[in-house]
Amino acid sequence: SQQGEEDPQALSIQEGENATMNCSYKTSINNLQWYRQNSGRGLVHLILIRSNEREKHSGRLRVTLDTSKKSSSLLITASRAADTASYFCATADNAGNMLTFGGGTRLMVKP
Amino acid sequence: ETGVTQSPTHLIKTRGQQVTLRCSSQSGHNTVSWYQQALGQGPQFIFQYYREEENGRGNFPPRFSGLQFPNYSSELNVNALELDDSALYLCASSSPGTANEKLFFGSGTQLSVL
């Protein structure tokens, strides 16, 4: 079963616009990560935020975490056509031997 | 691109057969995890191997089994294949001490069970 739900399931925007994806989860976590997947291939790690952090930036990516609401958001600013992909959040619990992924948001950025 | 390689890239089997998928981890990584990703869904954790021992298992039946070798490469074996086993199987490696912090994924093996 999936830990979290992502919202929206699909998102279509124009190049240059910002894209925001949300993730909710159910249990206590050690950290939350975001991954990107192109066309059903391997996933690529984008960013990690720990349970005691509230916001983190990496290039055009901004991640927030609200542990009281068990939710996270990923913001991609100034999107590019090359950002077209599926984006997944994944949570790690304190046991530490697995990641639990959400169902993903399919982002399409139109040139 | 990660240093994790998986073989084969595609595989077609019939129901009831057995399959072995292979994974070479990135250099220096001693932990390998396997995930199953059904079409349109997120990956689901099958199991993890650390220093040749199973180190955690998800909600998968015993016909899913694995091995890790001294060079940290790994195999996933599935017996008595069922139609629902059709999926993308992803292998991921991680470096010592960061098993749940950053996974490096291979490109996957697409398994079709007919």
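Note that the structure is predicted; figures quoted are calculated from it, not measured.

## Topic: the sheet that holds strand β8 (residues 71-76) of chain A
Residue and element names in this part refer to chain A. With antiparallel pairing, the five strands of this open sheet are ordered in space as β1-β3-β8-β7-β6. Each end of this open sheet is capped by a strand with a single partner; those strands are β1 (5-7) and β6 (55-58). The sheet shows a mean angle of 15 degrees between the axes of neighbouring strands, direction not considered. One ladder, built from six bridges, connects strand β3 (residues 19-24) with β8; its direction is antiparallel. Looking at β8, one finds that Ala 19 is bridged to Ile 76.

## Things to note about the interface of chain A and chain B
On the chain B side, the residues contacting the 25 residues of chain A number 21 residues. When the two sides are added together, the surface that chain A and chain B hide from each other amounts to roughly 1800 Å², 47% of it contributed by carbon and sulfur. Its largest share of buried area at the contact with chain B, chain A owes to A:Arg41, A:Leu43 and A:Asn97, together 28% of the area lost on that side. Here chain A is connected to chain B by one salt bridge. B:Glu101 is paired through a salt bridge with A:Arg50; the nearest N and O atoms lie 2.9 Å apart.

## Regarding unusual backbone geometry
In most cases, non-glycine residues show a negative phi, while peptide bonds are predominantly trans. Cis geometry is found at the peptide bond from A:Asp7 to A:Pro8, where omega equals 0 degrees. Here A:Pro8 is to be found in the loop between β1 and β2 (10-14). Of the consecutive residues B:Ser7 and B:Pro8, the connecting peptide bond is found in the cis state with omega at -10 degrees. By the secondary structure assignment, B:Pro8 is in the loop between β1 (5-7) and β2 (10-13). With phi around 45 degrees, A:Ala78 is a residue other than glycine that occupies positive phi space. Inspection of the secondary structure assignment puts A:Ala78 in the loop between β8 and β9 (85-92).

## Here's the deal with the packing of aromatic side chains
Ring pairs (aromatic) are described by centroid distance and by the angle formed between their planes. Counted under the stated rule, the structure contains eight aromatic pairs over all chains. An angle of 65 degrees between the planes, with centres 5.6 Å apart, marks the rings of B:Tyr35 and B:Phe45 as edge-to-face. Of this pair, B:Tyr35 sits in strand β4 (residues 31-37) while B:Phe45 sits in strand β5 (residues 44-50), placing them 10 residues apart in sequence. Residue classification places B:Phe45 among the buried positions, given a relative accessible area of 5%. With 5.4 Å between their ring centres and 85 degrees between their planes, B:Phe47 and B:Tyr49 make a pair best called edge-to-face. An aromatic cluster of three or more residues is present, and its members are A:Tyr35, A:Phe101, B:Tyr35, B:Phe45 and B:Phe105.

## Digging into the sheet that holds β1(B)
Residues and elements named next belong to chain B. Strand order across the open sheet formed by four strands is β1-β3-β8-β7, with antiparallel pairing between neighbours. Edge strands, defined here as strands with exactly one partner in the open sheet, are β1 and β7 (64-68). Strand-to-strand twist in this sheet, taken as the mean axis angle between neighbours without regard to direction, amounts to 20 degrees.

## So, the pattern of salt bridges
When their charged atoms lie close together, side chains carrying opposite charge are able to pair. One pass over the structure, following the stated rule, counts nine salt bridges over all chains. For A:Arg36, the salt bridge identified is with A:Asp83, shortest N-O distance 4.0 Å. Here the residue A:Arg36 occupies a position in strand β4 (residues 31-37), and A:Asp83 occupies one in the loop between β8 and β9, the gap between them amounting to 47 residues. Each member of the pair, A:Arg36 as well as A:Asp83, carries the same accessibility label: buried. One salt bridge connects B:Arg22 with B:Glu75, and the closest N-O pair in it is separated by 3.5 Å. With B:Arg22 in strand β3 (residues 19-24) and B:Glu75 in strand β8 (residues 74-78), this pair connects stretches of sequence that are 53 residues apart. Exposure remark for B:Arg22: the relative accessible area of 42% places this residue in the partly exposed category. Residue classification places B:Glu75 among the buried positions, given a relative accessible area of 15%.

The rules behind the values
As a convention, each chain's residues are numbered from 1 in the sequence order in which they are written. Chains and ligands are labelled sequentially in the order written, the chains with letters from A and the ligands with numbers from 1. Side-chain atom pairs in this predicted model are given and counted only at pLDDT of 80 or more, local residue features only at pLDDT of at least 70, and totals for whole chains, interfaces and linings cover all residues. With hydrogens and water set aside, each side-chain value is computed from the structure's full complement of heavy atoms. Here, a strand pair is defined by DSSP locating no fewer than two bridges between the strands. We count a stretch as a helix when DSSP gives it H or I for four or more residues in a row; a strand needs E for two or more, and each element gets its number in order from the N terminus. Every angle, taken between N-to-C directions, lies between 0 and 180 degrees, and every axis is a line fitted to C-alpha atoms, over only the stretch in contact when it is a helix. Should any heavy atoms of two residues lie within 4.5 Å, those residues are considered in contact. Using a 1.4 Å probe, buried area is obtained as the accessible area two parts lose upon being combined, added over both of them. Whenever a carboxyl oxygen of Asp or Glu lies within 4 Å of a side-chain nitrogen of Lys or Arg, that contact is scored as a salt bridge. Think of it this way: a Phe, Tyr or Trp ring, Trp meaning its six-membered ring, pairs with another when their centres are within 6.5 Å, and the plane angle makes it stacked under 30 degrees, edge-to-face over 60, tilted otherwise. Each residue is placed in one exposure class: buried if its accessible area under a 1.4 Å probe, protein chains only, is under 20% of its type's maximum, exposed if it is over 50%, and partly exposed if it falls in between.

Bear in mind that shape data such as this cannot, by itself, settle questions of function.
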